[in-house]
Amino acid sequence: MNIDFHAHILPGADHGSSSLETSLRQVKLARRARINVLAATPHFYPNHESLSTFLERRKNSERCLREALPITAPKILVAAEAHLCRGMEEIEGLEQLCFPGTNVLLLELPHDFSIRDYEQTLDALQYEKKLEIVLAHIDRYPESTIDFLLELGFLAQINAESFCRFFKKKRSMRWAKELDSVVALGSDIHGCETGYREFLKMKERLGKTYEVIMSRTQKLLKL
Ligand SMILES: [Fe+2]
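Notes on the structure in this doc start here.

The rules behind these values
Residues numbered from 1 in each chain as written. Predicted model: local features only at pLDDT ≥ 70, side-chain atom pairs only at ≥ 80, totals over all residues. Heavy atoms only, no water. Donors = N, O, S within 2.8 Å, 3.2 Å for Na, K, Ca; no water. Tetrahedral: all angles 85-135°; square planar, octahedral: opposite > 155°, others 65-115°. Buried < 20%, exposed > 50% of the residue type's maximum accessible area, 1.4 Å probe, protein only. Patch = residues over 30% accessible without salt bridge, like charges linked within 9 Å, V, L, I, M, F, W, Y side chains within 5 Å. Areas by Shrake-Rupley, 256 points an atom, 1.4 Å probe, with all protein chains shown as cover. Salt bridge = Lys/Arg side-chain N within 4 Å of Asp/Glu carboxyl O. Helix = DSSP H or I, 4+ residues; strand = E, 2+ residues; numbered from the N terminus. Pairing = 2+ DSSP bridges. Axes fitted to C-alpha atoms, helices over the stretch in contact; angles between N-to-C directions.

Here we come to the coordination of the iron ion. Protein-derived coordination of the iron ion comes from His 6 (NE2), His 8 (NE2), Glu 81 (OE) and Asp 188 (OD), at a distance range of 2.1 to 2.3 Å. Around the iron ion sit four donor atoms, and with donor-metal-donor angles ranging over 81 to 164° the site reads as irregular. Accessibility expressed as a relative area gives 0% for His 6, which makes it buried.

Here is the structure:
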């Protein structure tokens, strides 16, 4: 099974796909890359908008896309990429951002993340809200930060492009091959630029490890 865990394919839902036309092109590219399950994970920035505004936009965007999807399209799962903010554990209904039928939340760390600033929120999300947190594109953050968070029980998603970048690929390969907490891979596609070229390259480079990670995703999302 090929699961793209992280993609911005909902038209107008965020700064990913800007139109239905683009979304349909993204879906077509995914299908050509033999993606079976495609997660739509629009950005949610709790500091900039309310959850209800986001959910309303996501719902309308999802309807618009589903009405136009060809029968051959991959299965679309609608979730979100939630930006970590202090106090976000207080947002009522936060679980609506999780993958359907799960308590799995894709969480994006701020660029200036430090554990000291977010310790309380992360703890509350994990232990009070009982969310299974998957850290989005861990390849974007310092190695020591990520290794520390994974030791605390957070799960991780890696972006395909990092397996194709000279300065990043060694580290992403190490994480993917050695850590059970790497449970998902994603295109993080926003437009159509490189399509699924990097996703396919990642699949080839990871070999058997790719299959191992896909089965973890499958289990996590109860597919
Ligand atoms: Fe993203």
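Moving on from the coordinates now.
A word on a nonpolar patch on the surface. On the surface, a nonpolar cluster with roughly 240 Å² of combined accessible area is contributed by Ile 115, Phe 148 and Leu 152. Mapped onto the fold, Phe 148 is located in helix α4 (residues 143-151). The class for Phe 148 is partly exposed, based on a relative accessible area of 42%.

Sheet architecture is open: three strands sit in the order β1-β2-β4, paired in parallel fashion. Edge positions in the open sheet fall to β1 (3-7) and β4 (75-78), since each of these has one partner strand only. Pairs of neighbouring strands in the sheet enclose a mean axial angle of 20°, with direction left out of account. In this sheet, strand β2 (residues 37-40) lies alongside β1 in parallel orientation, the contact comprising three bridges. Bridge pairing links Ala 7 to Ala 40 in β2.

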